[in-house]
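Reading the structure
Read off the chains here:
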Amino acid sequence: MIEVRDLRKEYGGFTAVEGSTFSVDTGEVYGIIGPNGAGKTTTLKMLAGLLEPTAGDVSVAGHDAGTTEMRRKLGFLPEESPLYEEMTPLSYLHFFADLYDVADGVADRRIHDTLDELDLEHRDRQLGDMSKGMKRKVAIARSLINDPDVLIYDEPASGLDPLTTNYVIDFTSDLAEQGKTIVFSAHNLYHVESICDRIAIMNEGRVVAQGALEDLRAEHGETEYHVFTTVEVPGSVQENGRYRSVVDSMEGVERIRADAQAADGSVVDIRTEESSLEEVFLDLAESGATT
Amino acid sequence: MNPRKLLRIARWEVTKNAGGVDRRTIVVGALALLAVGIATPYAATSGVAVDSGIYRVGITNESAYYDVVREDPTFAVRDPQADLGEEIELRIDRLAIDAAPTPKAAAAQTELRSSVRAYNNRQMRQESNQSAAFPVRVSLGYTERTQVREVISTGDGQDQTADDEGTGDGTDGGDGDGSGGGDEGGTGTDDGSGTDGNGNDGTAGGGGGENIDDVAGGTGGVGGIAGQLAGGNTSGTPADISPPFPFQSLVLAFLFVLPLNFIIQAYGSTMVSERLNRRGELLLVAPVSRFDIIGGKTLPYLTGAIGIAAVIAAALELPAVDPVSVGISVLAVTPIALLFLGATFLGAMFARSFKELTFVTVTVTVSLTTYAFVPAIFTDVGAVALISPLTIVVRNLQGQAIGLGEFAFSLVPPLLTAGVFFGLGAGIYREEDMFTQRSIPLKALDALAARVHGKWSVAAVTAILLPFVFVTELVGVAALFAIPDALSIPTMLVVVVVVEEFAKSLHVYAGYAHDRFEAGLWPAVVVGAFSGIGFFLGEKIMLLAQLVGLPSEVVEGLIATGTATGVPSIPIAIGFLLAPLALHVVTAAISAVGASRNRRAYLAAVVVAMAIHFAYNYTVVSIGGF
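Each chain carries its own residue numbering, running from 1 in the written order of its sequence. Chains carry letters from A onward and ligands carry numbers from 1 onward, assigned in written order. Restriction of local features to residues with pLDDT of at least 70 applies here, the model being predicted, together with a cutoff of 80 or more for giving and counting side-chain atom pairs; totals for whole chains, interfaces and linings are based on all residues. Only heavy atoms go into the side-chain values, all of them from the structure, while hydrogens and water stay out.

Looking up chain B in an unreviewed UniProt entry gives the name ABC-type transport system permease protein, with the organism given as Halorientalis persicus.

The following threshold applies: UniProt positions are given in the numbering used here, feature names are shortened, and annotations may be inferred rather than shown by experiment.
For chain A, the name recorded in an unreviewed UniProt entry is ABC-2 type transport system ATP-binding protein, with Halorientalis persicus as its organism. Note on chain A: under the UniProt heading Sequence similarities (unreviewed entry), the record states "Belongs to the ABC transporter superfamily."

The following block contains the structure:
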């Protein structure tokens with residue numbers, strides 16, 4: 001559904017994105033994470049056709065980025081979406097429905113269904129009088145007005161309270177279940193981890209790692225084995241009447257088992273702990289990886 | 001461009017802004033407008049009479065001055081026994097006038113003298129024997145205008161036309177009912193001189209006494225309210241006859257240009273508000289072109305400007321509104337409105353805050369108002385006033401015929417310039433320029449580069465920039481006009497050279513900065529050559545357009561001046577044609593080669609091009625003997 005090849009964007013002498021290549025399959029949820037200034041938003045805007053790449057190719061739903069045909073199939077939610085505060089949600093959404101050539105009857109039904117799903121009331125109130133969470137819901141409804149195949153969401157829950165954040169993330173997850181192809185960025189890695197099929201980690205304008213979470217863990221993360229014994233072994237600490245040792249390989253586990261048996265003891269429990277996405281991300285960011 | 005979406009955006013622009021105004025404000029605004037609409041015509045025709053009754057005069061009806069005082073609203077009639085100085089400024093006992101020893105009383109005396117003179121003039125005009133009332137007559141004619149189709153008129157003679165469908169009571173010759181011996185009135189002239197008729201004895205007696213007013217008034221035959229604004233002096237004595245001040249032109253030009261200054265405030269504001277806080281980002285990602293967006297957002301303001309112009313034009317013609325005349329006025333105002341909006345749009349695209357927008361709108365207001373307003377004031381002075389389309393409006397409202405050439409001369413340059421403004425602004429109506437604090441020079445390069453996609457577009461952009469070139473050169477010439485010739489001519493040549501060489505090369509440099517052209521020497525030469533050809537062709541087209549707009553005798557004069565012998569020979573004519581072509585191609589190619597390298601090389605190359613251009617111009621001027 002989305003093909004990105006050797007994408008580069010320069011602003012004067014500054015390179016914001018350098019050599020990004022990735023693809024997103026139909027119905028897939030693809031998350032982009034990275035520290036501030038990593039090039040996430042620039043990448044998303046090039047996908048949406050808002051920015052013209054300095055080099056490289058972007059294809060969305062079979063169309064070059066920025067073409068009218070592509071825009072018809074795209075729903076874009078920028079990180080900040082200041083609305084026209086003099087308008088009401090209904091007039092605002094109907095206006096965009098007209099721009100997307102959505103028939104009046106269809107638009108009317110779609111607007112009300114979406115606002116119902118988003119639990120947005122006060123639809124005749126001016127947008128300027130609404131809370132930030134309500135405005136974000138209107139912005140999300142606007143991104144769905146053309147029933148797009150592809151959604152590009154930049155920090156969809158940015159600046160929202162926890163309750164609304166969870167609501168928005170759950171709603172995005174529901175959209176994924178409906179078969180939408182979604183590319184989105186977020187600073188809250190828990191949200192990315194919970195709904196993304198695949199993830200790209202960006203740093204200094206480059207995609208330094210990408211793949212399914214399990215693959216990223218396997219390649220860049222760590223697995224720790226917490227081994228509990230009845231007797232003290234080298235490197236163990238006493239904990240609740242038992243001794244706990246931490247190793248990072250099965251060879252280490254076997255060595256502890258041997259040590260415990262040599263001391264007339266035994267291994268009573270082994271627990272495995274894998275790196276979270278946040279730990280993988282932090283490791284890559286701190287190592288300054290720019291593959 | 002999609003007209004349906006453009007109109008949808010236009011409708012949205014209107015409703016969006018209407019949503020920000022509550023109903024009470026709308027009602028109050030409408031009532032205020034209504035009140036102004038009612039009061040303005042009354043004030044224009046009757047005056048606001050702020051000085052009504054300010055001088056108190058003690059007088060009885062037995063005094064010869066009684067009618068003078070009673071008929072002048074400046075005076076208030078009081079009992080002559082009232083206290084002089086406290087209750088009255090003047091006391092008049094039959095013919096004796098006593099004034100209180102106050103400045104106000106002195107002013108009252110002056111006013112009384114004027115009132116007496118005006119009263120006497122009125123009385124004399126009512127005399128049945130005008131020869132007795134005005135034994136000496138002087139006819140004044142202002143003959144510089146040759147295309148008047150309605151002769152001068154004021155008051156009840158305003159409808160009399162040059163082609164002798166006169167219905168007035170004696171204006172311009174009148175009907176010849178005079179008792180002074182004239183058996184037929186003079187005939188109205190068709191040269192717009194505004195003098196009385198020259199018919200048989202019409203001077204002496206034909207015409208019912210309004211002729212002298214017309215002599216002094218003579219600046220146009222506008223009907224309705226505009227006619228009341230015609231000004232002119234309507235006294236019957238030589239002391240009161242004054243040259244016509246272009247008051248009518250001034251007021252008309254002011255009326256049409258004033259609303260534009262308000263409209264661009266709102267327009268600039270809406271454009272900048274799209275950019276601040278990234279509100280317009282979502283329109284850019286919608287399936288509409290930037291031209292739909294710009295056109296849609298501009299249309300309501302253009303429509304408003306045109307609508308207001310139509311209302312003003314119609315109101316000025318009340319009660320006899322001529323739709324054709326209104327249409328001509330609207331047609332002439334449209335390029336001005338587009339120019340105001342185009343300049344504001346471009347400025348709003350460059351402004352990075354509302355603070356900078358204020359600077360933009362003030363600059364646009366001052367510069368374009370000066371351009372449109374000042375020439376139109378001098379509509380009656382000469383053909384140069386036609387550089388402003390408002391001159392067409394004023395002439396139209398004064399009832400003068402307007403030639404197609406004059407229309408083109410007046411309207412095409414601002415239209416082209418407005419097009420360039422919108423084109424350049426559209427070039428930076430994109431994410432990178434709208435929502436970032438990109439520097440103004442970089443935005444300028446972006447704006448130029450957006451229109452450059454190959455060698456043909458280079459030629460087209462060069463040609464399109466020519467209105468700017470001419471305007472800039474004119475400003476330069478005007479600024480250097482006062483210094484001595486020995487300095488002014490070389491300086492003017494430098495100004496011309498600098499402006500033209502940048503006009504031919506800046507967009508080429510912008511194109512190279514955005515990787516629009518193939519690298520290398522020969523591609524640069526080709527691109528430069530196309531720019532030179534574009535400049536040459538554009539220059540000639542503009543020259544032809546200007547010649548078409550000028551009177552034939554002026555064109556003949558120019559040709560004679562240019563060749564010194566009248567009609568040029570064919571080789572000389574070819575030389576005149578090819579030499580500038582070669583110059584522009586060579587200099588533009590040099591600049592393009594520099595532009596293809598880097599900024600420093602471009603600046604060095606353009607300086608070389610300027611030096612060559614200066615040498616050429618200086619040679620031509622020297623040979624021409626200027």
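Let's talk about the overall build of chain A
Cut-off, in case you're wondering: We count a stretch as a helix when DSSP gives it H or I for four or more residues in a row; a strand needs E for two or more, and each element gets its number in order from the N terminus. Between buried and exposed lies partly exposed: a residue is buried under 20% and exposed over 50% of the maximum accessible area for its type, with that area taken using a 1.4 Å probe on protein chains only. In this description, contact between two residues means that some pair of their heavy atoms is separated by no more than 4.5 Å. Residue exposure ignores everything except the shown protein chains as possible cover, and the areas themselves are Shrake-Rupley values with a 1.4 Å probe.
Looking only at helices and strands, one finds 10 helices and 14 strands in chain A. Buried positions account for 50% of the 291 residues belonging to chain A. Sequence separation of at least 24 residues holds for 67% of the intrachain contacts in chain A that already meet a minimum separation of 6. Total accessible area on chain A is roughly 13000 Å²; 42% of this is exposed by carbon and sulfur atoms.

With respect to the nonpolar core
Here is the rule: Working definition of a nonpolar core: buried Ala, Val, Leu, Ile, Met, Phe, Trp, Tyr and Cys residues. They are joined through side-chain atoms within 4.5 Å.
Membership of the largest hydrophobic core comes to 176 residues, with the highest contact counts inside it found for A:Tyr92, A:Ile201 and B:Phe256. A total of 16 residues in this core trace back to one element, the largest contributor, which is helix H11 (residues 323-350) of chain B. Setting aside chain neighbours within four positions, we find B:Phe256 in contact with B:Ala309, B:Ile312, B:Ala313, B:Leu316, B:Val333, B:Leu390, B:Val393 and B:Leu397. In this structure, B:Tyr55, B:Val69, B:Phe75 and B:Leu112 belong to the second largest nonpolar core, which totals 11 residues.

Side note on the interface of chain A and chain B
Rules: Buried area: the accessible surface (1.4 Å probe) lost by two parts on joining, summed over both. Throughout this description, the term salt bridge denotes a Lys or Arg side-chain nitrogen within 4 Å of a carboxyl oxygen of Asp or Glu. In protein, a polar contact requires one atom able to donate a hydrogen and another able to accept it; more generally it is a pair of N or O atoms within 3.5 Å, and residues adjacent in sequence count only if both atoms are side-chain atoms. In this count, Pro and Cys sit with the nonpolar residues alongside Ala, Val, Leu, Ile, Met, Phe, Trp and Tyr, while Asp, Glu, Lys and Arg are called charged and the others, Gly among them, polar.
Listed by partner, the interface residues are 30 residues for chain A and 24 residues for chain B. Carbon and sulfur atoms make up 59% of the area that chain A and chain B hide from each other, which totals about 2500 Å². Here chain A and chain B share seven salt bridges between them. Linking chain A with chain B are 13 residue pairs in polar contact (both at pLDDT 80 or more). Put simply, the parts of the chain that give the side of chain A that touches chain B at least two residues each are strand E1 (2-11), helix H2 (68-72), strand E6 (74-77) and helix H3 (89-99) of chain A. Among the elements that make up the side of chain A that touches chain B, the one with the highest residue count is H3(A) (six residues). The residue inventory of the side of chain A that touches chain B, partitioned by class, reads 16 nonpolar, three polar and 11 charged.

Description of the environment of B:Ser52
Residues and elements named next belong to chain B. With respect to the secondary-structure elements, Ser 52 resides in the loop between helix H2 (23-46) and strand E1 (55-59). Residue class for Ser 52 comes out partly exposed when judged on its relative accessible area of 45%. Remark: the alpha-carbon pair of Ser 52 and Thr 74, spanning 22 residues in sequence, is separated by 4.6 Å. Those residues in contact with Ser 52 that sit more than four places away from it in its chain are Pro 73 and Thr 74.

Structural notes on the packing of helix H12 (residues 354-377) of chain B against helix H13 (residues 389-397) of chain B
Residue and element names in this part refer to chain B. The cut-off we apply is this: Helix axes are fitted only over the stretch in contact, all axes being lines through C-alpha atoms; the angle between N-to-C directions runs from 0 to 180 degrees. Throughout this description, any angle smaller than 35 degrees is read as roughly parallel, any larger than 145 degrees as roughly antiparallel, any in the 65 to 115 degree range as roughly perpendicular, and the remainder as oblique. Left-handed describes a crossing in which the near helix is turned anticlockwise from the far one by less than a right angle; the clockwise case is right-handed.
Their axes nearest at 7 Å, the elements H12 and H13 cross at an angle of 40°. With respect to each other, H12 and H13 are oriented oblique. Crossing geometry of H12 relative to H13 is assigned as right-handed. Two secondary-structure elements touch here, H12 through Tyr 371, Ala 372, Phe 373, Pro 375 and Ala 376 and H13 through Pro 389, Leu 390, Thr 391 and Val 394. Across the contact of H12 with H13, the residue classes break down as eight nonpolar, one polar and no charged.

Let's talk about helix H1 (residues 40-47) of chain A
Where burial is concerned, most of H1(A) is hidden: seven out of the eight residues are buried. The set of residues buried in H1(A) consists of A:Lys40, A:Thr42, A:Thr43, A:Leu44, A:Lys45, A:Met46 and A:Leu47.

Here we look at unusual backbone geometry
Residue and element names in this part refer to chain A. Unlike most non-glycine residues, Asp 6 shows phi in positive territory, near 50°. One non-glycine residue, Asp 264, lies in the positive phi region at around 60°. By the secondary structure assignment, Asp 264 is in the loop between helix H9 (250-262) and strand E14 (267-274).

Some details on the sheet that holds strand E2 (residues 14-24) of chain A
All names here are of chain A. To keep things clear, this is the line we draw: Two strands pair under a simple rule: DSSP has to find at least two bridges between them.
An order of E2-E1-E4-E5 is seen for the four strands of this open sheet, with the pairing classed as antiparallel. Taken across any chain shown, the strands that pair with only one partner, and hence form the sheet edges, are E2 and strand E5 (63-64). Where E1 meets E2, seven bridges bridge the pair, whose relative direction is antiparallel. Across the sheet, the residue bridging to Ile 2 is Val 24, located in E2. Packing of H1 onto the sheet brings it into contact with E1, E2 and strand E4 (55-60), and relative to E1 it is tilted by some 120°.

Points about a nonpolar patch on the surface
The condition is simple: Grouping into patches uses exposed residues only, defined as over 30% relative accessible area, and leaves out salt-bridged ones; the cut-off is 9 Å for like charges and 5 Å for nonpolar side chains (Val, Leu, Ile, Met, Phe, Trp, Tyr).
Together, B:Val27, B:Leu31, B:Leu34 and B:Ile38 make up an exposed nonpolar region whose accessible area comes to about 410 Å². Examined against the element boundaries, B:Val27 turns out to sit in helix H2.

Points about the pairing of strand E13 (residues 242-247) of chain A
Side-chain positions along a regular strand alternate between the two faces of the sheet. Residue and element names in this part refer to chain A. A one-sided burial pattern is seen for E13, the buried positions being Tyr 243, Ser 245 and Val 247 and the unburied ones Arg 242, Arg 244 and Val 246. Bridging between strand E12 (residues 237-239) and E13 involves three bridges; their strand directions are antiparallel. Bridge pairing in E13 links Glu 239 to Arg 242. In textbook terms, the turn of a hairpin is the stretch between consecutive antiparallel strands, and for E12 and E13 this stretch comprises two residues, one of which, Asn 240, has a positive phi near 55°.

Looking at the packing of helix H10 (residues 290-317) of chain B against helix H14 (residues 404-427) of chain B
Residue and element names in this part refer to chain B. In contact at an axis separation of 10 Å, H10 and H14 are set at 125° when each is read in the N-to-C sense. By the angle between their axes, H10 is oblique relative to H14. Crossing of H10 over H14 shows right-handed handedness. Together, Arg 290, Phe 291, Ile 294 and Thr 298 of H10 and Phe 422, Ala 426 and Gly 427 of H14 make up the contact between the two elements. In terms of residue class, the contact of H10 with H14 is built from four nonpolar, two polar and one charged.

Examining the pattern of salt bridges
In this structure the tally under the stated criterion is 33 salt bridges over all chains. Its salt-bridge partner being A:Arg123, residue A:Asp116 comes within 2.5 Å of it at the nearest N-O pair. Its relative accessible area of 49% is what places A:Asp116 among the partly exposed residues. By relative accessible area, A:Arg123 is classed as buried at 16%. With a closest N to O distance of 3.6 Å, A:Glu254 and A:Arg257 form a salt bridge. In this pair, A:Glu254 and A:Arg257 both sit in helix H9, three residues apart, roughly one turn of the helix. For A:Glu254, a relative accessible area of 42% translates into the label partly exposed. Within the structure, one salt-bridge network assembled from shared partners comprises A:Lys9, B:Arg430, B:Glu432, B:Asp433 and B:Asp446.

Topic: H9(A)
All names here are of chain A. Note the cut-off: Multiplying 1.5 Å by the residue count of a helix minus one yields the expected span of that helix. What the arc covers is the set of directions going from the helix axis to the C-beta atoms.
The terminal C-alpha atoms of H9, which comprises 13 residues, lie 18 Å apart, in line with the 18 Å expected from a rise of 1.5 Å per residue. Among the residues of H9, Gly 252, Val 253, Ile 256 and Ala 260 are the ones counted as buried. Buried residues along H9 cover an arc of 100° about the axis, so they all sit on one side. In this structure, H9 carries Glu 251, Gln 261 and Ala 262 as exposed residues pointing more than 90 degrees from its buried face. In this structure, the buried residues of H9 make contact with strand E11 (223-229), E13 and E14. Backbone geometry just after H9 places Asp 264 at a positive phi near 60°.

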